[in-house]
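Residue-level structural notes
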Amino acid sequence: MKHPRRWILILFLLAVAIRVGAGLEWDRWPATTEEAEWETAALVYQTSGFAYPDNVAARPPLYSMWMAGIYSAFGGRSIAVRVGQAILGGLTCLVALWIGCRVVDDRVGRWAAVLCALHPLLVGSGCMLTADVLFVFLFAAAFALSLLFAEHPTDLRGFALGACLGLVALCSQVVFAWVPLMLGGFAIRGGRSTIGPVSRVVCAMLLVILPWTIRNHLVTDRFVPVAPRLGFEMLIGHEPRATGGFDVTRDYLGMFGKLSIDEENVVDRDRVVAARVTEWIVEDPLRSMELFVQKLGHLWNPFVPGGRPLQHLGSLVLIAPLLGLGLWSAVDRRREPLGWPALTAAVAFSLVHGLLYSEGRFRLPVDFALLVPAADRGLYCAARIGEAVRTRWLELADGGTGS
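Reference entry: report on the structure contained in this document. What you see is a predicted model; the values in this text were computed from it and never measured.

This structure, assessed with the given rule, holds 13 aromatic pairs. A ring pair is formed by Tyr63 and Trp66, whose centres lie 5.8 Å apart and whose planes are at 35°; its orientation type is tilted. Placement of both Tyr63 and Trp66 in helix H3 (residues 62–74) is noted, with a separation of 3 residues, approximately one turn of the helix. Look at Tyr63 and you get buried, because its relative accessible area is 0%. Centroid distance Tyr357 to Phe362: 5.4 Å. Interplanar angle 75°. Geometry classified as edge-to-face. Per residue, the accessibility class of Tyr357 equals that of Phe362, and both read buried.

This paragraph deals with the layout of surface pockets. One number sums up the size of the largest pocket: a volume of about 1600 Å³. What lines the largest pocket is a set of 46 residues, and nearest its centre among them are Trp26, Met128, Val304, Pro305 and Arg361. Mapped onto the lining of the largest pocket, the elements with two or more residues apiece are helix H1 (4–26), helix H2 (33–48), helix H6 (120–125), helix H11 (230–238), helix H12 (252–259), helix H14 (285–300) and helix H15 (309–332). The leading source of residues in the lining of the largest pocket is H6, at 5 residues. Its residues assigned to classes, the lining of the largest pocket comprises 20 nonpolar, 15 polar and 11 charged. Taken as a whole, the second largest pocket encloses approximately 760 Å³ of empty space.

Within the largest apolar cluster, 98 residues are counted, with the highest numbers of intra-cluster contacts made by Ile99, Phe143, Leu165, Trp178 and Phe368. Among the elements that line this core, the one with the most residues is helix H7 (residues 132–151), at 13 residues. Setting aside residues up to four positions removed in sequence, Phe368 forms contacts with Thr92, Val95, Ala96, Ile99, Val136, Ala140 and Phe143.

This next bit is on unusual backbone geometry. A positive phi angle, near 65°, is found at Asp221, a position not held by glycine. With respect to the secondary-structure elements, Asp221 resides in the loop between helix H10 (195–220) and H11.

Our next topic: empty space enclosed by the protein. According to the stated counting rule, one finds 2 cavities of 30 Å³ or more in the structure shown. Of the volumes computed, that of the second largest cavity is approximately 90 Å³. For the lining of the second largest cavity, the secondary structure elements donating two or more residues are helix H4 (78–103), H6 and H7. Its residues assigned to classes, the lining of the second largest cavity comprises 4 nonpolar, 5 polar and 2 charged.

Turning to the state of the cysteines, a few remarks are in order. Using the criterion set out here, one finds 0 disulfides in the structure. Cysteine Cys101 is unpaired, with the sulfur of Cys93 as its nearest cysteine sulfur at 13 Å. Looking at Cys203, it has no disulfide partner, and the nearest cysteine sulfur is the one in Cys164, 17 Å off.

Conventions we followed
Residues numbered from 1 in each chain as written. Predicted model: local features only at pLDDT ≥ 70, side-chain atom pairs only at ≥ 80, totals over all residues. Heavy atoms only, no water. Phe/Tyr/Trp six-rings, centres within 6.5 Å; stacked < 30°, edge-to-face > 60°. Helix = DSSP H or I, 4+ residues; strand = E, 2+ residues; numbered from the N terminus. Buried < 20%, exposed > 50% of the residue type's maximum accessible area, 1.4 Å probe, protein only. 1 Å grid on protein atoms, 1.4 Å probe; cavity = no way out; pocket = protein on both sides within 12 Å on 5 of 7 lines; lining within 4 Å. Points joined across faces, edges and corners; volume = space filled by probe spheres on them. Nonpolar A, V, L, I, M, F, W, Y, C, P; charged D, E, K, R; others polar. Core = buried A, V, L, I, M, F, W, Y, C linked by side-chain atoms within 4.5 Å. Contact = heavy atoms within 4.5 Å. Disulfide = S-S within 2.5 Å.

Listed below in structure tokens is the structure:
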């Protein structure tokens with residue numbers, strides 16, 4: 001790649017500057033309920049340690065731990081977290097650059113990184129005090145490691161991929177649906193020689209998660225690998241007035257409490273709610289299928305709900321082509337190291353959020369996985385269109401001269 005250091009610096013500074021500017025604007029507004037839950041957990045970890053029985057906001061711990069570390073270093077200022085997230089966003093763009101340059105060529109890598117830097121939802125998620133940015137960054141790192149593993153599945157690369165996937169799981173449990181699909185494809189294509197390295201991936205992932213699982217058992221006296229969250233999120237997606245997304249006017253905590261009022265243990269409460277919602281799904285499968293379709297609509301909607309005109313324009317120009325070209329390319333490349341992880345991520349996230357509830361920002365890791373395939377297919381289509389236009393122009397010019 002020509003002038004690699006210059007490109008790396010320019011892309012990183014561009015991505016960070018965009019995100020810092022957006023974060024400064026967002027910092028003037030009150031936090032949302034979700035932001036308050038993440039921040040409350042961070043303050044609990046900061047002041048009381050990780051063994052404190054936090055039974056109110058049962059979420060994966062890694063983002064709140066990361067936030068607690070920043071608060072400890074910079075005195076509890078939310079803008080410090082937003083700047084940290086802007087830096088993570090810049091690093092995510094560099095991962096996209098590296099993947100594109102390694103798998104395809106330098107031009108595809110640069111375009112993928114630019115798409116990552118300007119992606120409206122990636123920029124917007126960096127403004128919020130939620131786990132999205134850290135989740136996408138760790139997913140990007142795992143995606144890059146999966147490419148290395150697919151190229152040459154050694155034990156060392158398996159351990160590295162598994163450790164990274166463990167960190168991803170401590171940020172969001174959706175990864176538990178992606179890993180079997182991705183590794184299963186690698187194992188089937190690689191044959192018996194890949195079974196050992198694939199097992200290393202699984203072992204490393206479980207080892208990273210194990211300390212938190214032990215902590216959960218000590219605090220709740222129950223087996224909880226990461227967080228007791230399934231029942232609550234199923235309730236959001238299937239309660240009587242559900243539309244597939246999160247409705248700020250609905251009292252989900254009140255519903256949760258009524259369904260689990262007879263249970264004292266937080267894990268048992270979530271399991272009771274999950275069982276009750278499962279009964280709803282079985283009793284009315286047609287409604288469940290309708291909600292599934294609605295959730296997929298929320299998940300794959302390229303436009304920002306309630307966004308500004310500029311955001312809608314960015315979605316139309318960037319996100320819609322990214323999804324269309326990226327999925328098209330991923331399907332064509334499904335037998336290749338680049339296409340299979342991207343395609344299985346799209347399937348896994350669709351299935352999980354079709355069961356639970358969905359928003360467009362929940363799709364962000366998939367958008368990252370589609371950056372390089374979309375850039376590659378987009379440049380190919382642009383070249384074909386340009387060639388067709390030039391050919392037609394020459395034909396018309398020759399015809400005009402001949403007449």
